[in-house]
Every structure is written in structure tokens, then in C-alpha cells.
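A closer look at the structure
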Amino acid sequence: MFTITRTVSASNVNSDGLLTFDSAFDFMIDCSSFWMNSEPEFLRFLHRQNLGMFLVSRQAEISRMPAYGEEITISTSVFQCKVSYGLRNTIIRDAKGDVCVASYAVGAFVNLQTGKPSRLAGNISLTLDSPYENMDYLPRKIEAPLSTSLRCENSVVKKSQIDQYNHMNSTKYVILALDMLPADFAYNRMRIEYKTQAKLGDTLLTQIYGESANRFWVTISNGGDRLHAVVEFSNIPSKQKDL
């Protein structure tokens, strides 16, 4: 397990003084990225094969959003590693140790030269932990409804949205999706599946769909046959804790 600490600051909160979901998403990605440095043998193993790990999907369940000024810890642990992908949990906790946001992510191994999925070759040394016991591990694939969209927006990928791998940063898809949600919709679960990478100058069509007041889907595509991401937001009943 690898842990970082953060203070919820002015750039991380919205108008109600609570941590924004996209900032929480960034914190989780940062912790997952720094985790690689805590496993130097695994990092060298990837470098020798010219491999990186790209985010394929993430599911996040929100108990509460921390407020401005709160000290939080973000912890990442890998609980499964196959030849083509790895599974990890990333958990945000408050100063008392209570869980604020719990997530799990699927990361695929990708050849950094070709940008195509690749498989590990050889044996690896990697510390594995147990899955987070309070997580509902849903499938990574998300099936959005095929009904008519409720609203759509067009945009172009800007250089401020590009990451170190020269495609649109993972959190930027989430921001596009968040901006489509009804203002009064309160969600406590988000799932995102990344399909194809959007790059600088690409035209994006963002569409929102809904089958009830408790669930919405957002698709981000090129307006044609290329789907970049599918995002699902839902409001699920709170889990009953054992007494």
C-alpha cells in the first residue's frame, strides 16, 4: 500500500466548500501514479519492456466529500495483476480514518512506442493486498442506453487537457461528464470506461442520457463511430452497516 496526504484547499472545492469530485479523481490518480515509485523492481520491469499502465476504467463510491481545510489521506493498493492488466483500490480517508471515497480501477499494460495493449513477459515481483471488503466490484464495461440523448455539447480537445502521454487527461473526461449533469442531481457512485484516446484538436461530442431520476449516462465520442468514454452516475441506497 502507498499513501499520500493532502489538505483540501481553495482550488479543490466548489461553492459549498466541499471537495469537488474531479479534484478527488485527480488525488486518486496522483496516488496511483506515485505508487509505481514504491515498487522499484516492478517499475524497472516495465521500463525494460517499454511498457506503461493506462487507466481502462474506474468505479468510485462516495460516502461524503471532505470540506475545505480538512486533512485527508489517499491510499492505493494493488490486489490483482495479470499479464495484460492490473486491479487496484484507491481510498480517500479523513483525519479520523473514515472512508470518504472508495474506488477501484483497472489498468492495462500498453506499449509506449506503439500505444497498443501489450502483455507482460516474464515473472514480476509485486506486493499484492486484499480487495477492499466494502466495495461492490461492478464490471468495467458500461452499457449506456440507446435512447435519444437529453442534451449534447460539442467541444475541441485543447492543449490544457493533454497529459504527458499526449492524449486527453483521464480527469478531463470526468469534467466533461460532470458538466452535463442536472444541477440538482446528487450521485454517490460513478463509473467510467475509457474506450479510445482523444488527442489534441479532436472534436468531441458529449451526450447525456437518463432512464430515471437516479441514474444518468454520459458518452464522449467523435460524433461518429469512435467512442472515447462512457460515464455512469447513479444514486444508490446507502449500505446498511452491521451492528
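Scroll up a little and you will see the structure.
A few points on the structure. It should be emphasised that the depicted structure is a prediction, and the values quoted were computed from it without experimental measurement.

1. Structural notes on the nonpolar core
One recurring pattern in soluble globular proteins: nonpolar side chains tend to sit buried together. Residues F21, F25, I192 and F233 are the most contacted members of the largest nonpolar core, which totals 42 residues. Ignoring any residue separated from it by four or fewer positions in sequence, one finds F21 in contact with A60, I62, M65, V174, L178, Y187 and M190. Counting 11 residues, the second largest nonpolar core, distinct from the first, contains W35, F42, F45 and L51.

2. Description of the packing of helix α1 (residues 21–35) against helix α3 (residues 170–178)
Axis separation between α1 and α3 bottoms out at 10 Å; the angle between their running directions is 165 degrees. Taken as axis vectors, α1 and α3 run roughly antiparallel relative to one another. In this structure, α1 crosses over α3, and the sense of that crossing is right-handed. Side by side, α1 and α3 meet where F21, D22, F25, D26 and I29 of the first sit next to S170, T171, V174, I175 and L178 of the second. Partitioning the contact of α1 with α3 into residue classes produces six nonpolar, two polar and two charged.

3. Thoughts on unusual backbone geometry
When glycine is set aside, most residues are seen to have a negative phi, and most peptide bonds are trans. Positioned with a positive phi, N50 is a non-glycine residue whose angle comes to about 55 degrees. Position of N50 relative to the elements: it lies in the loop between α2 (40–48) and β2 (51–62). Classification of N50 as partly exposed rests on a relative accessible area of 32%. Its identity as a non-glycine residue notwithstanding, N166 has a phi of 65 degrees, on the positive side. Looking at the element boundaries, N166 is found in the loop between β6 (151–156) and α3.

4. Looking at the sheet that holds strand β1 (residues 2–7)
Strands sit in the order β1-β3-β4-β5-β2-β7-β10-β9-β8-β6 across an open sheet of 10 strands; the sheet is antiparallel. Each edge of the sheet is formed by a strand with only one pairing partner; in this case those strands are β1 and β6. Strand after strand, the sheet turns through a mean of 20 degrees between neighbouring axes, direction not considered.

5. Focus: the pairing of strand β8 (residues 203–212)
The pairing of β6 with β8 spans six bridges and is classified as antiparallel. What sits directly across from S155, in β8, is L204. As defined by bridge partners, β8 adjoins strand β9 (residues 215–221) across seven bridges and the pair is classed as antiparallel. Residue G210 lies in a different strand from β9, and its bridge partner there is F216. The turn joining β8 and β9, which pair antiparallel and follow one another in sequence, is formed by two residues.

6. Observations concerning the pattern of salt bridges
One pass over the full model with this rule turns up nine salt bridges. With its nearest N and O atoms 2.9 Å apart, the salt bridge here joins R189 to E61. Separated by 128 residues along the polypeptide, R189 in strand β7 (residues 189–194) and E61 in strand β2 bring together distant segments of the chain. Per residue, the accessibility class of R189 equals that of E61, and both read buried. Shared partners join several salt bridges into a network, and the residues in it are R140, K141, E193 and K195.

7. Here's the deal with the packing of aromatic side chains
Counted by the stated rule, this structure contains 11 aromatic pairs. Pairing F79 with Y137 gives two aromatic rings, centres 5.5 Å apart and planes at 65 degrees, and the pair type is edge-to-face. Taken together, the positions of F79 in strand β3 (residues 71–81) and Y137 in the loop between β5 (99–111) and β6 put the pair 58 residues apart, joining distant regions of the chain. Here the aromatic rings of Y173 and Y194 are separated by 5.3 Å at their centres, their planes lie at 80 degrees, and the arrangement is edge-to-face. Here Y173 is found in helix α3, whereas its partner Y194 is found in strand β7, with 21 residues between them in sequence. Residue Y173 shares its accessibility class with Y194, and that shared class is buried. Counting every residue linked through ring pairs, the aromatic cluster contains F21, F25, F185, Y187, F216 and F233. The residue whose ring lies beneath R58 is F25, and the NZ or CZ to ring-centre distance is 5.5 Å.

What counts as what
Residues numbered from 1 in each chain as written. Predicted model: local features only at pLDDT ≥ 70, side-chain atom pairs only at ≥ 80, totals over all residues. Heavy atoms only, no water. Core = buried A, V, L, I, M, F, W, Y, C linked by side-chain atoms within 4.5 Å. Buried < 20%, exposed > 50% of the residue type's maximum accessible area, 1.4 Å probe, protein only. Contact = heavy atoms within 4.5 Å. Axes fitted to C-alpha atoms, helices over the stretch in contact; angles between N-to-C directions. Helix = DSSP H or I, 4+ residues; strand = E, 2+ residues; numbered from the N terminus. Parallel < 35°, antiparallel > 145°, perpendicular 65-115°, else oblique. Left-handed = near helix turned anticlockwise from the far one by under 90°. Nonpolar A, V, L, I, M, F, W, Y, C, P; charged D, E, K, R; others polar. Pairing = 2+ DSSP bridges. Salt bridge = Lys/Arg side-chain N within 4 Å of Asp/Glu carboxyl O. Phe/Tyr/Trp six-rings, centres within 6.5 Å; stacked < 30°, edge-to-face > 60°. Lys NZ or Arg CZ within 6 Å of the ring centre and 35° of its normal.

All we've got here are geometric facts, nothing functional implied.
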